[in-house]
Amino acid sequence: MMNHFMVLAVLLPLKTCYPTYTQQESLVFPVTYLNISKDLALQQLLVEWDVGKPAHDTELAMSFEIQVRRTGVTTATWTAFHNVTLDKSVKPLHWVWNSDLPLECMSHSVRIRSKAEASKIWSQWSSWKTVLGLDTSNNSGPQIFPNEKVIEEGSDITLCCIGRRGQIIKEFFLDSADHVFNHTNSQLGLLTVKNVAHQEVPHITVYCQESCSEAQCHDHAILFVGKQPDKPNDFSCQTQDMRTVTCTWSQGRETYLYGRHSPKYALFEEFSQKPVPCTVSCSKQCSCSWDRGKQRIWNITVTVENPLGKKTAMDNFDVTHRIYPAAPFQLWEESTDTKITLYWKQRNKGIELFCQAEVLQPDGKVELHNISDTYLHYPRITLSGLQPYTEYTARIRCGAAKHFWRWSEWSKARNIRTKEAPPSGKLDIWREITPVLGGRNVTLFWKQAPDFQANGRSISYEVTWKKVDDDAEAESISFSSVYNSTRISIDNHSYRISIKAKNDVNYSLPSVLIIPRSTGAEAEVSGSELKEEQVNGTDDGIFISWEPRHQYDSYVIDWCNYPMLQPCDLQWKRFGPNTSSALINSDAFVPGVRYNFHIYGSVANRASLLEKKTGYLRELPPLLDPIVEKVDLTFNAVTLSWDSYPTNESQYGFVKGYHVYVSPIEENCSLKGSRKHVLPDGSVLCKYTIENPEEKRYTVKNLLSNTKYKLVVKAYTGGGETPIGNFIYIDTPFNSNMLYLLVLLVIVPSLIAAICGLKLKRMKECCCPIIPSPNKSKVLSFKEFKTGPEKILKLHDCIPDMLAVDSNAKAQKLHPWSQLSSAATEDKIDVHNSSWIYSNENEEGDFTPTPTSSQTHAWFENFAYSSHLAVESDPYQRRETLDASRPELSLGLYHPHYYFDIFNEDAASTPRETAGRKGSLRYISQTAVHCLGRRL
């Protein structure tokens, strides 16, 4: 803390010349008297001293060095220099030292030395002069200093606690503050608190505790933390009636000091040098009033003071220029439907005033009206140009007409309503026409236009309709103010419909609609021949534009705020003839809902549908993905169909087309004609785009056969599409063409090779057969054929199946190895149709073809028997003759079981057989022998 010095010595004027001395020693004047005292309230040491100097010296400039020391400290606690000019008067010198430590805490000692300013030699130090502290007394308990001290917020403070003799200060602290506690000795403790802050509580408590635990072993003190008062702000003085002067000001910031430490205000008049006889009162604002008497000019000083400081403010004024009138009172009025005359009373008699009326309009606007004729007994103001049956709020204030100082306070506000009048303006009306059997239903809507005023307490509506080309009486119906629509039924004639508003005074002007005649073929209602045009939404609404037509005097756009409701809440808006676009907005508009707009041109109250628009405030992705209803697969393509997917207003946006995503399950896609699409997880899909929303069939080509694929179809709008998911999984079939190719390239050659090998083996067996031993024949092993030691097989015991050469066409068509029926009627072969019969001329089985016209001899050779067969070559020989001549062959000829075509192109043959093949000869071989009913 800064120490402040206060010089109490009387200073005399300095002279320009000083006496001169030959020796500096003669200028040394020691202190001859020293005394100190202390002011505990201000925590100051008061030092008083005197020096001896020659009597003939009139003035002498002296310097003094002053040192202060505390108990227990060998060096000086504080050193200061004090300069003063001494005169011939004998008066002691004074010096004040402000202590940063309470003077009660310990003893303080002071000493002084001096020198003339012209000299360089200091006198001897005076003896130490001591003022005792309480540390030398024997207290009954510990004591804390300072106690109940007011401290400025943010400052530092040092406290001490003095204990009893023989006791040790154990604890010295305060709540909620940073502090440093140290000992000077066991009996005295010091506590330094930095940057003291205001607490929510009224004061801060400091605690001190000796090492004992009895009640007399502790003490506490209280500290108040606050701020200096602010300078009184907006200090000014004025009068309302020229008799009483009132000064007002604002208090400024909070000081956090209350009670006896709270700020104290005092007013002082500088001209009279007297305190102002008024009592200060402060709430939101401080004020002080007194009787001015006859004084006109005043110079008032206000002083605010608390223990931490003092501030002042001043106001100098002429009271005749500080007139602050009292607020007008007792307002009343007289009114018509468009005028209000307002009266009031005022207290400032004899003072010329200038007043002002404030009128609050129904739309919130404020109008000010000045009034100069306030000299009347009852001042008044007339407000004109008002709306009928409308409530206004008015209040009055006044100021001095001469030497205007400030307005008075406002009078109490008064609510005034004008009288009723007929409704002004017209209703805004519209219609919706629905054709029905034999006529039309017309739904009428009305609302109050911006320029419409009800001008009355209650309002109702009257709807009237009448045929345009008929003198029949008009029909009408009335509705209360809660209704804004109705429906009427009319026939196909042209009708004039009017709607009027009515209050207790009269009707408004009618609003008229003309419904044209319906011919049945006109499209005035539905407008089905008009194509809907898509429009775009913005953040502020949906922008609509249309082609202007010069023949119309206005345009109307209607729409439904909630198009899904039936009936919907029809809205409409009118535009002038020079308008061709509009931004339609509504709090009901939400993204993802399709709104339909109809644009009408109106002339002479007749409206015609011109254009239709549809759009979204903001398009969203489709609600649902297309459901693939049919999947057609080939080995290299898949065709997807989603015929039932809707593209109408149920969607959250205009469906612009579809995306088909395809990818093999185990690898990324790189199909020809597609674009890559990367999913958030990094996987890649093939993307195909269909830009026609009505195209609901797509074929993905260039697929691999026998491969698993995943597919999904997504619809997209101007708002995008939903995240990809819910794949369809397919397996492409095996490519049969590849199988055919495999058969042609691998299996067929292998089969041909096998057949060729088999044919070679058969041809070898036919050309070079291995003749087995007759003894190994199974036939000879039968007991029936054994006669003695030899095995004999007689020809009539064995019936061969058949041996014949036939050129019959049926025989040629038979496939090798076919089995014929064993029935006798089906197995007979007509030998007369045989063109050739082969004979076995040698054992090697060489066959020589012989013409049927000659007699044929054939050797039949079997492993078990052999015989010579002679057959007549006459083709017309009767079968019975043949059978009778060769009874042993008849059974064999007519019971064949198997045959084999050895002249087939694929069969192996000898050269002679090959020659016989060219004559289309067929050899029917014996494949089995029936012996006595057994098959060998």
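These figures come from a predicted structure and were not determined experimentally.

**Things to note about the confidence of the model for the protein chain**
A residue-level look at the protein chain finds 75% of positions with pLDDT of 70 or above and a mean pLDDT of 78. Counting contacts from residues 805-936, a segment whose pLDDT is below 50, to residues more than four positions away or on other chains yields 246 contacts.

**Some words on the side chain of K714**
When you line up the elements, K714 lands in strand β52 (residues 708-716). Within the local environment of K714, its side chain forms a polar contact with the side chain of D625, the two groups lying 2.7 Å apart. A distance of 2.9 Å separates a polar side-chain atom of K714 from the backbone oxygen of P723. Contact partners of K714, with chain neighbours within four places excluded, come to D625, P626, G657, Y658, H659, Y661, E721, T722, P723 and I724.

**Side note on the sheet that holds strand β19 (residues 264-269)**
Judged by pairing direction, the sheet is antiparallel, and its four strands sit side by side in the order β20-β19-β23-β24 without closing on themselves. Looking at strand neighbours, the two that pair on one side only are β20 (274-275) and β24 (309-318), the edges of this open sheet.

**Quick word on the environment of F479**
As for its position among the elements, F479 is in strand β35 (residues 475-480). Taking the C-alpha atoms as reference, F479 lies 9.6 Å from A501; in sequence the two are 22 residues apart.

**Observations concerning a nonpolar patch on the surface**
Among the surface-exposed residues, L744, L745, V746 and I747 lie close enough to one another that they form a single nonpolar patch of about 400 Å² accessible area. By secondary structure assignment, the location of V746 is in helix α1 (residues 736-767). Residue classification places V746 among the partly exposed residues on the basis of a relative accessible area of 42%.

**Focus: the packing of aromatic side chains**
What the rule picks out here adds up to 25 aromatic pairs. Seen from their ring centres, F479 and Y483 are 5.9 Å apart, and the 55° between their planes marks the pair as tilted. A residue is classified by how much of its surface remains accessible, and F479, at 14% relative accessible area, is buried. For Y483, a relative accessible area of 46% corresponds to the partly exposed category. Chaining the aromatic ring pairs together yields one cluster made of W446, Y461, F479 and Y483. Over the aromatic face of F329 sits the side chain of R347, whose NZ or CZ is 4.2 Å from the ring centroid. Sitting over the ring of Y389, R417 keeps its end group 4.5 Å from the ring centre.

**Topic: the pairing of strand β45 (residues 606-616)**
For β45, the tally of buried residues reaches nine of eleven residues, placing the bulk of the element in the interior. Note that strand β39 (residues 532-535) and β45 share four bridges and pair parallel. From the neighbouring strand, E533 faces β45, where its bridge partner is K613. In this structure, strand β44 (residues 594-603) lies alongside β45, joined through ten bridges in antiparallel fashion. The residue bridging R594 from the neighbouring strand is Y616, located in β45. Linking two consecutive strands that pair antiparallel, namely β44 and β45, is a turn of two residues; a positive phi of about 55° is found at A604 within it.

Definitions and cut-offs
Residues numbered from 1 in each chain as written. Predicted model: local features only at pLDDT ≥ 70, side-chain atom pairs only at ≥ 80, totals over all residues. Heavy atoms only, no water. pLDDT = per-residue confidence, 0-100. Contact = heavy atoms within 4.5 Å. Helix = DSSP H or I, 4+ residues; strand = E, 2+ residues; numbered from the N terminus. Polar contact = N/O pair within 3.5 Å; in protein donor to acceptor, adjacent residues only side chain to side chain. Pairing = 2+ DSSP bridges. Patch = residues over 30% accessible without salt bridge, like charges linked within 9 Å, V, L, I, M, F, W, Y side chains within 5 Å. Areas by Shrake-Rupley, 256 points an atom, 1.4 Å probe, with all protein chains shown as cover. Salt bridge = Lys/Arg side-chain N within 4 Å of Asp/Glu carboxyl O. Buried < 20%, exposed > 50% of the residue type's maximum accessible area, 1.4 Å probe, protein only. Phe/Tyr/Trp six-rings, centres within 6.5 Å; stacked < 30°, edge-to-face > 60°. Lys NZ or Arg CZ within 6 Å of the ring centre and 35° of its normal.

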